[in-house]
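Geometric and topological summary
Chain residues, written in single-letter form:
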Amino acid sequence: MKSFLEKIFIAKGDITSFDVEAIVNAANTSLLGGGGVDGAIHKAAGPELLKECISLKGCESGKAKITKAYRLMAKYIIHTPGPIYKNGKSGESSLLESCYKNCMTLAKEYNISSIAFPAISTGVYSFPKEDACKIALKTVFAFVDKEKYFPTIYFVLYDDENFLIYKNEFEKVKNELQTISE
Ligand code: ADP
């Protein structure tokens, strides 16, 4: 079994309360806050976060920008606007992949030792949850393996449906990787 899998966890809860070095925000392109997890993060981090976000002048979908985390336990917030799901034929999958990849690239650059991801785009942006989960796991696992960067990683799910999907998919991937390494 790939040993990096021992530092990867599927968790249920509110990402704002996670004691990790960085949390990822499923932001929108304005970076000025919104609903869902974005709203919860801004509320918990406090108004200083909005001030820093204003100075960033937005972020394209699929890209990522980092800020301090102010009143959160985390030290950093990595903001990434996910794709809005239209019909699945507008580059949504590759944009979602870019979100995870660019977040991991920033995390590596900042030498972050623990990071928590929400299920980007699976709320208001309507990305089908199973497909989004597969992209999240595949992209992050490929990154750690290729870059030899092994932070502790939490995938934090807020709703039961996403939590079950992630649990199942994680088991599947683990089994697949085990078979390959045998
Ligand atoms: P998007 O616009 O990228 O779809 P949303 O915030 O609407 O972003 O939803 C993304 C995911 O975040 C959804 O699966 C939603 O259930 C989840 N979510 C909402 N609030 C929280 C929270 N406090 N902690 C973790 N996940 C959350």
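Up top you'll find the structure we're talking about.
These remarks concern the structure in this document. In this text the structure is predicted, and so the values were computed from the model without any measurement.

With that settled, consider the overall build of the protein. Looking only at helices and strands, the protein features five helices and six strands. When the helices and strands of the protein are placed in sequence order, the string is β-β-α-α-β-β-α-β-α-β-α. The C-alpha atoms of the protein give a radius of gyration of 15 Å, which matches the 16 Å a tight globule of 182 residues would have. Principal-axis analysis of the C-alpha atoms places the extent of the protein at approximately 50 × 35 × 30 Å. The buried share among the 182 residues of the protein stands at 48%. Counting 23 positive and 22 negative side-chain charges, the protein places the averaged centre of each group 5 Å from the other.

What follows concerns the sheet that holds strand β6 (residues 152-157). Across the sheet, six strands lie side by side as β1-β6-β5-β2-β4-β3; this open sheet has mixed pairing. Of all strands in the sheet, those with a lone pairing partner are β1 (8-12) and β3 (65-68), marking the two edges. Sheet twist, expressed as the mean angle between neighbouring strand axes with direction ignored, is 25 degrees. Bridge count between strand β5 (residues 114-117) and β6: four bridges; the pairing is parallel. When the sheet's bridge partners are listed, Ile-115 is paired in β6 with Ile-153. Packed onto the sheet, helix α2 (residues 47-56) meets β3 and β4 (76-81) and runs at close to 150 degrees relative to β3.

In the vicinity of the ligand there are 16 residues, among which Asp-14, Val-37, Ser-121, Thr-122 and Gly-123 approach most closely. In the model, an oxygen atom of the ligand is placed 3.4 Å from a nitrogen or oxygen of the Asp-159 side chain. When the free accessible area of the ligand is taken as 560 Å², the share hidden by the protein chains comes to 90%. The residue inventory of the shell around the ligand, partitioned by class, reads eight nonpolar, six polar and two charged.

Criteria and thresholds
Residues numbered from 1 in each chain as written. Predicted model: local features only at pLDDT ≥ 70, side-chain atom pairs only at ≥ 80, totals over all residues. Heavy atoms only, no water. Helix = DSSP H or I, 4+ residues; strand = E, 2+ residues; numbered from the N terminus. Rg over C-alpha atoms; globule rule 2.2 N^0.38 Å. Buried < 20%, exposed > 50% of the residue type's maximum accessible area, 1.4 Å probe, protein only. Lys, Arg positive; Asp, Glu negative; His and termini not counted. Charge placed at Lys NZ, Arg CZ, Asp CG, Glu CD. Pairing = 2+ DSSP bridges. Axes fitted to C-alpha atoms, helices over the stretch in contact; angles between N-to-C directions. Contact = heavy atoms within 4.5 Å. Near = heavy atom within 4 Å. Polar contact = N/O pair within 3.5 Å; in protein donor to acceptor, adjacent residues only side chain to side chain. Areas by Shrake-Rupley, 256 points an atom, 1.4 Å probe, with all protein chains shown as cover. Nonpolar A, V, L, I, M, F, W, Y, C, P; charged D, E, K, R; others polar.

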